[in-house]
Amino acid sequence: MSLVAEKLSLNCSGVFLLRDVNVSILPGKITTIVGPNGAGKTSLLRCLSNDISPTSGSIIFNGKDINNWDPIDRAKSLSVLTQHSSLDFPFTAEEVVLLARTPHDTGSIRDDEIVATALKIVDATYLANRQYTQLSGGEKQRIHLARSLAQIWDLDTKQKDHTDRFLLLDEPTSSFDLAHQQLTLEIVSSFSSRGVGILLVMHDLNLAAKCSDQVIMMECGKPVKTGLPKEVFTAENIEQVFGVRVKVQENPENKKLLIVI
Amino acid sequence: MRGARSRKFTLILFFSLIPMMILAALVGPVFISPAKFIDSLVSMLSITDFGSNISNQASVSHEEVILSAIRFPRVVLAALVGACLACCGAVMQGLFRNPLADPSLIGVSSGASAGASFVIIFCSTWLHSSSFFGLTLVAFGASTGGALAVLLVYRLSTSSTGTSVPTMLLVGIAISALAGALNGIFSFIADNEMLRRMSLWQMGSLDAANWFRVGIAGIAASILLITLPNQSQALNAFLLGESEARHLGIDTERVKQRIILLTAIGVGTSVAVAGMISFVGLVVPHMVRLVIGPDHRYLIPSSAALGAILLIVADSFARIIVAPAELPTGILTALLGVPFFFWLLTKNHHRIQR
């Protein structure tokens, strides 16, 4: 069970957005993509989620080419949170999360339970009956996070692990306050501990260092460094890719990396 | 969850349709009292049972003829056309993810208008020969024009990577402009009588209602009401955005194709049997959304019912305001619908501010 990109290239009107990328997202692991703007992070995520077709190369999802999956079966185990959603209709927050259950046929009672729990873990229960269009940016993002969680939710089954499930989140914390950024990391970690494979695109290197099992640092459409956070987040690598001088220390509290600018 | 409330709203709308239709059948240049209405209904039913209405013609009352030959087909046609236009509007707004979208965006109305004008001008000799045949010829021209426009819009906005909704919007505007220019040329070369026919047709009217037209509209409305609700989950997901809908397992290309085809059938048929009736497709779904929210599972049936009601009421007013003459129904739909719409908007506005 895995989500693997093999020799992926994406050429958009003469410009290579991705060139020869090999990436594997493994079950139960958190993989984080970092890199400067325009490095191809979102393009890679969109290719992995079959939103756009690569110019060459292939995506193997759970042992089968992603194009050969039935869209509904794929949606049951691969959930994606995009950076922007264009929703402009007055659904309630609850109804937006319920849309995640579209590919499932678990019945409305079970679906309502899942929606309520998903709202609860993203700290948005109080938003349930509010109109989505009237929410703030961070609140909207939390609703969409709850939606992407609800899509691969099935904790009721006998199945102990969920190693066939994958969650791809594109900058999930970009408009969150400090508390909700930490909350997101906790949620993501708890999902990965149940076997869900997770791909994050992040700009905050400290958050990435804190939660990731594998970091992919991208530049100009190519992964330049891949490995454990402490292998990738070195002062030299960050200066080379981002052009910013930093100090990398170890946090004495939790032994995680601390990147200071 | 708003589900229970939305279901109730939909049911209320559907149940109020029947008294609405009866009431509308009573009013007109000749008012028919409820007692006479029931008498006529009973005798009509008993006659059709035995199929001997020709021999019994002497006993057929004045009111009965008005009802069976004029009022009933007209009221039923109004209901069917209103339902078609409103649910097509609802799904178009969902497809374009824009509450201001309208079925005419994909060129069907302007194409139909150009088609009808073409027939009025170039087939005028046949139009005079027989009024029944002439009217269906205009309807045929309208539906062909509408279908051609939609086909063109769809073809031009579809590439190897699929149909682009924003491109479709632009191509729709361009095709509408082109059809408008054609229409302008036709008006320019038309004589006075043709010009009057063309502009009356464009205002839309139900005065040519007969059971044949009811049959055609009935087929279109049944197709829409049976198939569109199957797309409601997909359309709900569509509101999130096309990528998001794909991530939820929706085959977006197939949804787009079906919605466009069904809208072309619905609007094309409506335009063919009743001319251009504006406003219903744009505003009825909007009204429904203000009350029950954007969930297509309830939006589509509720819009159909409310569209039917609005057109029945508008057509009744069209018959009585300047009786014994008639106003084109298309004018009345806007005159009646706009104030109601404003009322809903201001009411909603207060709720938001509170």
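Residues numbered from 1 in each chain as written. Chains lettered and ligands numbered in written order. Predicted model: local features only at pLDDT ≥ 70, side-chain atom pairs only at ≥ 80, totals over all residues. Heavy atoms only, no water.

1. A look at the nonpolar core
Going by this rule: For the purposes of this section, nonpolar cores are sets of buried Ala, Val, Leu, Ile, Met, Phe, Trp, Tyr and Cys residues that join through side-chain atoms within 4.5 Å. For every residue, the accessible area obtained with a 1.4 Å probe (protein chains only) is divided by the maximum for its type, and the residue is called buried under 20%, exposed over 50%, and partly exposed between those limits. Helix and strand labels come from DSSP, where a helix needs a run of H or I of at least four residues and a strand needs a run of E of at least two; each type is numbered from the N terminus.
Grouped together as the largest cluster of nonpolar side chains are 155 residues, with contacts concentrated most on Ile143 and Phe233 of chain A. Take this core: its biggest share by element is 19 residues, from helix α3 (residues 62–95) of chain B. Formed by 26 residues, the second largest nonpolar core is a distinct cluster that contains Ala5, Ile59, Val80 and Met218 of chain A.

2. Here we look at the interface of chain B and chain A
Interfaces are often sized by the amount of accessible area the parts lose when they come together. The cut-off we apply is this: Contact criterion: two residues are considered in contact whenever any of their non-hydrogen atoms come within 4.5 Å of each other. Two parts placed together each lose some accessible area; with a 1.4 Å probe, that loss summed over both constitutes the buried area. A pairing counts as a salt bridge when a side-chain nitrogen of Lys or Arg comes within 4 Å of a carboxyl oxygen of Asp or Glu. The definition of a polar contact used here is a pair of N or O atoms within 3.5 Å, where within protein one atom must be able to donate a hydrogen and the other to accept one, and adjacent residues in sequence count solely through side-chain atom pairs.
Residue-level contacts link 24 residues of chain B with 33 residues of chain A. Taking both sides of the interface into account, the surface hidden between chain B and chain A amounts to around 2,400 Å²; carbon and sulfur atoms contribute 58%. Where chain B touches chain A, the interface holds 1 salt bridge. The interface formed by chain B and chain A contains 8 residue pairs in polar contact (both at pLDDT 80 or more). Residue assignment for the side of chain B that touches chain A shows that the elements contributing at least two residues are α10 (232–238), α11 (242–247) and α15 (329–353) of chain B. At 4 residues, α11 of chain B tops the list of elements feeding residues into the side of chain B that touches chain A.

3. Focus: the pattern of salt bridges
Inspection of the entire model under this criterion finds 14 salt bridges over all chains. Measuring nitrogen to oxygen at the nearest pair gives 3.6 Å for the salt bridge that ties Asp164 of chain A to Arg165 of chain A. Residue classification places Asp164 of chain A among the partly exposed residues on the basis of a relative accessible area of 22%. With relative accessibility at 9%, the residue Arg165 of chain A sits in the buried group. Put simply, Glu193 of chain B and Arg197 of chain B hold a salt bridge, and the shortest N to O gap is 3.3 Å. One end of the pair, Glu193 of chain B, and the other, Arg197 of chain B, are both in helix α8 (residues 192–203), 4 residues apart, so they sit about a helical turn from each other. In this structure Glu193 of chain B comes out as partly exposed when scored by relative accessible area, which is 44%. For Arg197 of chain B, a relative accessible area of 30% gives the class partly exposed. Salt bridges sharing common partners tie together Arg46 and Asp51 of chain A together with Glu242, Arg246, Glu253 and Lys256 of chain B.

4. Focus on the confidence of the model for chain A
Quick reminder of the rule: As a per-residue measure, pLDDT tells how confident the predictor is, with possible values from 0 to 100.
The share of residues in chain A with pLDDT of 70 or more is 97%, and the mean pLDDT across the chain is 90. Per-element mean pLDDT across chain A ranges from 87 in strand β12 (residues 257–260) of chain A up to 95 in strand β3 (residues 30–34) of chain A.

5. Details of the pairing of strand β8 (residues 197–201) of chain A
All names here are of chain A. The following threshold applies: Pairing between strands is defined by DSSP: at least two bridges between them are needed. Classification remark: right-handed applies to a crossover when, strands pointing away from the viewer, the course from the first strand over the helix to the second runs clockwise.
Within β8, 5 of the 5 residues are buried, leaving the element largely enclosed by the surrounding structure. Covered by surrounding structure in β8 are Gly197, Leu199 and Val201 together with Ile198 and Leu200, the residues of both alternating faces. Alignment of β3 against β8, held across 4 bridges, turns out to be parallel. Within the sheet, the bridge partner assigned to Thr31 lies in β8 and is Leu199. Sheet analysis places strand β7 (residues 166–170) next to β8, joined by 5 bridges and oriented parallel. Within β8, the residue paired with Phe166 across the bridge is Gly197. Crossover connection from β7 via helix α6 (residues 178–193) to parallel β8: handedness right-handed.

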